[in-house]
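Listed below, chain by chain, are the residues.
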Amino acid sequence: MAAMTSTSGPSSVPSRPLLNRRLAEFGTTIFAEMSALAVRTGALNLGQGFPDTDGPDAVREAAVRALRDGRGNQYPPGPGVPELRTAIAAHQERRYGLSFDPDTEVLVTAGATEAIAASLLALVEPGDEVIALEPYYDSYAASIAMAGGTRVPVTLRPRDGAFRLDLDELRDAVTPRTRLLLLNTPHNPTGTVLTRAELAEIARIAVARDLLVVTDEVYEHLVFDGAEHIPLATFPGMRDRTVTISSAGKTFSFTGWKVGWVTASAPLTTAVRSAKQFLTYVASGPFQYAIAEALALPDAYFEDFRTGMEAKRDLLAKGLADAGFGVYRPSGTYFITTDIRPLGADDGFAFCRALPSRAGVVAIPNAVFYDHRAEGAPYVRFAFCKREEVLRDAVTRLARLG
Ligand code: PMP
Ligand code: GLN
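A brief report on the enclosed structure follows. From a predicted model like this one, the values you see are computed outputs, not experimental measurements. The written sequence of each chain sets the order in which its residues are numbered from 1. By the order in which they are written, chains take letters starting at A while ligands take numbers starting at 1. A pLDDT threshold of at least 70 governs which residues receive local features in this predicted model, and a stricter bar of 80 or more applies before side-chain atom pairs are shown or counted, although totals over entire chains, interfaces and linings include all residues. Side-chain calculation: all heavy atoms of the structure are included, whereas hydrogens and water are not.

Section: the site of ligand 2
Part 1 of the argument: Around ligand 2, the neighbouring residues are Phe31, Gln48, Gly49, Tyr137, Asn188, Lys250, Phe335 and Arg381.
Part 2 of the argument: Gln48 has a polar side-chain atom sitting 2.6 Å from an oxygen atom of ligand 2.
Part 3 of the argument: One nitrogen or oxygen atom from the main chain of Gly49 is found 2.6 Å from an oxygen atom belonging to ligand 2.
Part 4 of the argument: Note that accessible areas follow from Shrake-Rupley with a 1.4 Å probe, and for residues the cover is restricted to the protein chains shown. In isolation ligand 2 offers 300 Å² of accessible surface; the protein chains occlude 79% of this area.
Part 5 of the argument: Here the shell around ligand 2 is built from residues that sort into three nonpolar, three polar and two charged. We call a residue near a molecule or strand when any one of its heavy atoms sits within 4 Å of it. Whenever a nitrogen or oxygen atom comes within 3.5 Å of another N or O atom, the pair is scored as a polar contact, on the condition that within protein one atom can donate a hydrogen and the other can accept it, and that pairs from neighbouring residues in sequence are kept only if both atoms are in side chains. The nonpolar class holds Ala, Val, Leu, Ile, Met, Phe, Trp, Tyr, Cys and Pro. Asp, Glu, Lys and Arg form the charged class, and all remaining residues, Gly among them, are polar.

The structure is reproduced here in structure tokens:
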């Protein structure tokens, strides 16, 4: 081919690979692939994690008011509108006793996704190692790669019915080149919620080895069975080395609005803002005002959201178990990781590609969240942030598999 091109003169088609080496290993995200499969086949979509009902009317109406009143229709301030930054700081104070200055220690982003990317782009030097809990949310690997970092997975493995962190493995993964830990609790896709004891030890490791921590806490309000979400930033020595990330998408069921945020010390916030300003600069103007109101909703909203989701978890967990799946009952998030081996299968990709025709349901193969693909092969994730009748229908359909 190359010889032909040179003899026939310049070609109108670029000859070198288009996608740079950092991104070459990442194809289309599994969420896009599986949602497209759901649309194409008419299957129930328990794959991509988005609710099938919108969040509170009052919050939606607040967005409409902001649009009509001309608030946020032009570029909002770079760090986010003051109303939202103040509401985020108040939320961190009220829920966790963490105090952040809305002017210097809060940054509004285009969803948690931008917060993660901006944090890594800002804090990681090419060649730095970034430790992340595997299986990991797919944007982590891509963001580490875009920052030129090297990802170092520490794998959560099943123990006593849940995916657990091995603290010794985490300790051993730290090298002189480790720059930061990228944490996620409650954890997507496993539903694991790190315990106080685990977080305390992670904090000790971070302080002892002088690491930064970026902690993705987007499911902070979705913890079940009395489990507690404890922000890593509350542990001794962590406030000045932790970037905490959350998002309105998960807590208020408006994933399309893409309102996320960072809370961190002023120097860390400034660093993350340095990268963020050149990604989107700003986003979601009118929605920022609406989320400011959402964060001030009474505690009853958060509790009802949590208990409603816990009931959905119970419904789907039982249905999956009845259908023959091995079920890892999640302590948090709106995902259930299952083991398909009791159903006589061991390749989650093949299983998920066939599931729409076999049962009319779409799910996500956890292998995409692993560097060690083989380790993730037998696991499949189902989302339960769907209406009760949809979950009941899904359970009935999945019962056919047995
Ligand atoms: N982190 C985790 C763990 C997620 O599951 C998601 C998906 N919603 C995100 C980040 C991205 O959040 P956002 O939609 O706010 O960008
Ligand atoms: N966070 C959602 C999930 O894990 C998907 C978000 C996305 O599509 N990027 O399903």
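Points about the sheet that holds strand β2 (residues 106-110)
Part 1 of the argument: A pair of strands is treated as paired once DSSP finds two or more bridges between them. In this description a helix means any DSSP run of H or I spanning at least four residues, a strand means any run of E spanning at least two, and both kinds are numbered starting from the N terminus. The strand order across the open sheet built from seven strands is β2-β10-β9-β8-β7-β3-β4, with neighbouring strands paired in mixed fashion. Sheet topology places β2 and β4 (150-155) at the edges, where each strand pairs with a single neighbour. Across the sheet, the mean angle from the axis of one strand to that of its neighbour is 25°, orientation sign disregarded.
Part 2 of the argument: Examined bridge by bridge, strand β9 (residues 242-247) and strand β10 (residues 259-263) share four bridges and lie antiparallel to one another. Looking at the pairing, Ile245 lines up with Val262 of β10.
Part 3 of the argument: Sitting on the sheet, helix α4 (residues 82-96) is in contact with β2, β9 and β10, with an inclination near 115° to β2.
Part 4 of the argument: On the sheet, helix α6 (residues 138-146) packs against β3 (129-134), β4, β7 (178-184) and β8 (212-216) and is oriented at approximately 160° with respect to β7. In this analysis, axes come from line fits to C-alpha atoms, helices being fitted only over the stretch in contact, and the angle between any two N-to-C directions falls in the range 0 to 180 degrees. Whether two residues are in contact is decided by their heavy atoms: any pair within 4.5 Å suffices.

Overview of the nonpolar core
Part 1 of the argument: One finds Phe252, Ile291, Phe382 and Leu398 to be the most contacted residues of the largest nonpolar core, which totals 130 residues.
Part 2 of the argument: In terms of residue count, helix α12 (residues 299-322) provides more of this core than any other element does, eight residues in total.
Part 3 of the argument: Beyond its immediate stretch of four places on either side in the chain, Ile291 contacts Val59, Leu84, Ala248, Phe252, Trp257, Val259 and Trp261. The nonpolar core is taken to be a set of buried Ala, Val, Leu, Ile, Met, Phe, Trp, Tyr and Cys residues, with the residues joined through side-chain atoms within 4.5 Å. When a residue's accessible area, from a 1.4 Å probe over protein chains only, is under 20% of the maximum for its type it is buried; when over 50% it is exposed; and in between it is partly exposed.

Remarks on the site of ligand 1
Part 1 of the argument: In the vicinity of ligand 1, 14 residues are found, and the nearest of them are Thr113, Asp216, Tyr219, Ser247 and Lys250.
Part 2 of the argument: At 2.6 Å from an oxygen atom of ligand 1 is found a side-chain nitrogen or oxygen belonging to Ser247.
Part 3 of the argument: For ligand 1, a nitrogen atom lies 2.3 Å from a polar atom in the side chain of Lys250.
Part 4 of the argument: The fraction of the free accessible surface of ligand 1 (390 Å²) that becomes covered by protein chains is 93%.

Thoughts on the sheet that holds strand β12 (residues 335-339)
Part 1 of the argument: The sheet built from four strands is open, its strands ordered β11-β12-β15-β14 with antiparallel pairing. Taken across any chain shown, the strands that pair with only one partner, and hence form the sheet edges, are β11 (326-328) and β14 (364-365).
Part 2 of the argument: In terms of strand pairing, β12 meets strand β15 (residues 379-383) through five bridges, oriented antiparallel. In the strand pairing of β15, Thr337 is matched with Arg381.

Quick word on the packing of helix α3 (residues 57-68) against helix α11 (residues 285-295)
Part 1 of the argument: Contact pair α3 / α11: the axes reach a minimum separation of 8 Å and the direction vectors enclose 140°. With respect to α11, the element α3 is oriented oblique. Here α3 runs over α11; the crossing is right-handed. Across the interface between the two elements, Val59, Ala62, Ala63, Arg65, Ala66 and Leu67 from α3 touch Pro286, Phe287, Tyr289, Ala290, Ile291, Glu293 and Ala294 from α11.
Part 2 of the argument: A per-class count over the contact of α3 with α11 returns 11 nonpolar, no polar and two charged. Working definition: roughly parallel below 35 degrees, roughly antiparallel above 145 degrees, roughly perpendicular at 65 to 115 degrees, and oblique for all remaining angles. Less than a right angle of anticlockwise turn of the near helix away from the far helix marks a crossing as left-handed, whereas a clockwise turn marks it as right-handed.

Remarks on unusual backbone geometry
Part 1 of the argument: Following Glu134, the chain continues into Pro135 via a peptide bond in cis, with omega recorded as 0°.
Part 2 of the argument: Along the chain, Pro135 turns up in the loop between β3 and α6.
Part 3 of the argument: Cis geometry marks the peptide bond from Thr185 to Pro186, where omega comes out at -15°.
Part 4 of the argument: With respect to the helices and strands, Pro186 occurs in the loop between β7 and α8 (196-208).
Part 5 of the argument: For Ser253, which is not a glycine, the phi torsion comes out positive at approximately 55°.
Part 6 of the argument: Examined against the element boundaries, Ser253 turns out to sit in the loop between α9 (248-252) and β10.
Part 7 of the argument: Residue class for Ser253 comes out buried when judged on its relative accessible area of 10%.
Part 8 of the argument: Even without being glycine, Lys258 reaches a positive phi, approximately 55°.
Part 9 of the argument: Topologically, Lys258 is positioned in the loop between α9 and β10.
Part 10 of the argument: Judged by its relative accessible area of 35%, Lys258 is partly exposed.

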